[in-house]
Amino acid sequence: MAPAPTLTLSLEQRNGAAADPATGPTGERYLLRLESTIKGAVVTEQDSRVQPEVMQRALNELNALLQRDAMTTASLTDLRAIGGLLGEDIFQALGRTLDDEQAAVREEMPGATPHLQLQIPLDLMGYPWELLHHRGVWLGEQFAMGRQVFMPTGLARRVPARRQGCVH
C-alpha cells in the first residue's frame, strides 16, 4: 500500500521584515512554501502576510457565530465569509497552484485523497485553518488535513543520546 500523496504547506516567519513605505504597516510577513510528494520538490514559494487585526476580526466573527442559538443557511454563508477572510491575505495566488497539485494527485493516484500538512509557527496555531475557503469549498473538504507546529529551539524535550553496546 503506497503512502498517501501529501502536500506540505509551510509558513515561516520572516524576521526583520520592514513595512512597505508606500502602504505602511502590513502585518507579520511569512514565507509560504508548498511542497509535493508527487513531484518530490517545492512547487511554489511566495511572500505572504498575516494581518493580526484581520485574523482577530475573523476569530471574533467566528465566536459570535458560535454563540448563536441556532444555525441557519445564513450562518453557513457567514461561516464561508469568515473562511474567505482568513485566507485572503495568506493564500493570495496559491489557490490555483493547490488546484493544479490536487489534479496531479488525482491523475497519478486515482481515488486517493490528497493530504495537506500544515507546518505553522506556534503563534498561528490558534486560527481555524480548516475553515480557509477557496473557490466555494473549505480546505478541510478538499484535503485530509493535519497540523505540525514549529517551536523555538530549546522548548522541546531533549532525548539523551544512546551509546552503542550499552543495555539499560
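Residues numbered from 1 in each chain as written. Predicted model: local features only at pLDDT ≥ 70, side-chain atom pairs only at ≥ 80, totals over all residues. Heavy atoms only, no water.

S.K.: What exactly am I supposed to notice about the overall build of the protein chain here?
M.R.: A tally of regular secondary structure across the protein chain gives 4 helices and 7 strands. For the protein chain, the succession of helices and strands along the chain, N to C, is β-β-β-α-α-α-β-β-β-α-β. The buried share among the 168 residues of the protein chain stands at 36%. Long-range contacts, defined here as pairs at least 24 residues apart, represent 66% of the contacts in the protein chain between residues at least 6 apart. On the protein chain, roughly 10600 Å² of surface is accessible, and the fraction owed to carbon and sulfur atoms is 51%. (Helix = DSSP H or I, 4+ residues; strand = E, 2+ residues; numbered from the N terminus. Buried < 20%, exposed > 50% of the residue type's maximum accessible area, 1.4 Å probe, protein only. Contact = heavy atoms within 4.5 Å. Areas by Shrake-Rupley, 256 points an atom, 1.4 Å probe, with all protein chains shown as cover.)

S.K.: Before we go on, may I ask you to explain the pattern of salt bridges in this structure?
M.R.: Should the charged atoms of two oppositely charged side chains come close, the side chains can pair. Counting across every chain of the model gives 5 salt bridges. Residue E12 pairs with R33 through a salt bridge whose shortest N-O separation is 2.6 Å. Taken together, the positions of E12 in strand β1 (residues 6-13) and R33 in strand β2 (residues 28-36) put the pair 21 residues apart, joining distant regions of the chain. For E12, a relative accessible area of 30% translates into the label partly exposed. Classification of R33 by relative accessible area gives buried; the value is 16%. (Salt bridge = Lys/Arg side-chain N within 4 Å of Asp/Glu carboxyl O.)

S.K.: Would you explain helix α1 (residues 52-66) in this entry?
M.R.: Owing to its 3.6 residues per turn, the α-helix brings residues three or four apart onto one side. Here α1 spans 21 Å end to end across 15 residues, near enough to the 21 Å set by a 1.5 Å rise per residue. Those residues of α1 that sit buried are V54, M55, A58, L59, L62 and L65. Each buried residue of α1 sits inside an arc of 135° when the element is viewed along its axis, so together they form one side. (Expected span 1.5 Å × (residues − 1). Arc of directions from axis to C-beta.)

S.K.: Is there a simple way to explain the nonpolar core in this structure?
M.R.: Taken as a class, soluble globular proteins show a tendency for nonpolar side chains to be buried jointly. L98, L116 and W129 are the most contacted members of the largest nonpolar core, which totals 30 residues. Taken together, the elements giving at least two residues each to this core come down to β1, β2, α1, α2 (73-91), α3 (94-108) and β4 (115-121). (Core = buried A, V, L, I, M, F, W, Y, C linked by side-chain atoms within 4.5 Å.)

S.K.: Explain the side chain of S36 here, please?
M.R.: Tracing the backbone through its elements, the reader meets S36 in strand β2. You can call S36 buried: its relative accessible area is 6%. A distance of 3.3 Å separates the side chain of S36 from the side chain of E101, its partner in a polar contact. If near-sequence neighbours (up to four positions away) are discounted, S36 is found in contact with T6, L7, A41, V43 and E101. (Polar contact = N/O pair within 3.5 Å; in protein donor to acceptor, adjacent residues only side chain to side chain.)

S.K.: How do you make sense of the environment of L86 when you look at a structure like this?
M.R.: Locating L86 in the fold gives a position in helix α2. When its relative accessible area of 3% is taken as the criterion, L86 is described as buried. Separated by 42 residues in sequence, L86 and P128 have C-alpha atoms that sit 8.4 Å apart. With sequence-adjacent residues up to four places away left out, L86 is seen in contact with M55, A58, P128, L131 and L132.

S.K.: Explain the confidence of the model for the protein chain to me, please; I cannot follow it from the model alone.
M.R.: Caution applies to low-pLDDT regions: their predicted coordinates should not be interpreted in detail. Confidence in the prediction for the protein chain averages 76 pLDDT; 76% of positions are at 70 or higher. In the predicted structure, residues 17-26 sits below a pLDDT of 50 and forms 6 contacts with residues beyond four places in sequence or in another chain. (pLDDT = per-residue confidence, 0-100.)

S.K.: Would you mind going over α3 with me for this structure?
M.R.: With 15 residues, α3 should cover 21 Å at 1.5 Å per step; its first-to-last C-alpha distance of 21 Å lies within 8% of that length. Turning to α3, its buried residues are L94, G95, T97, L98, E101, Q102 and V105. The arc that holds the buried residues of α3, viewed along the axis, is 160°, so those residues lie on one side. Seen from the buried face of α3, the exposed residues on the opposite side, beyond 90 degrees, are R96, R106 and E107.

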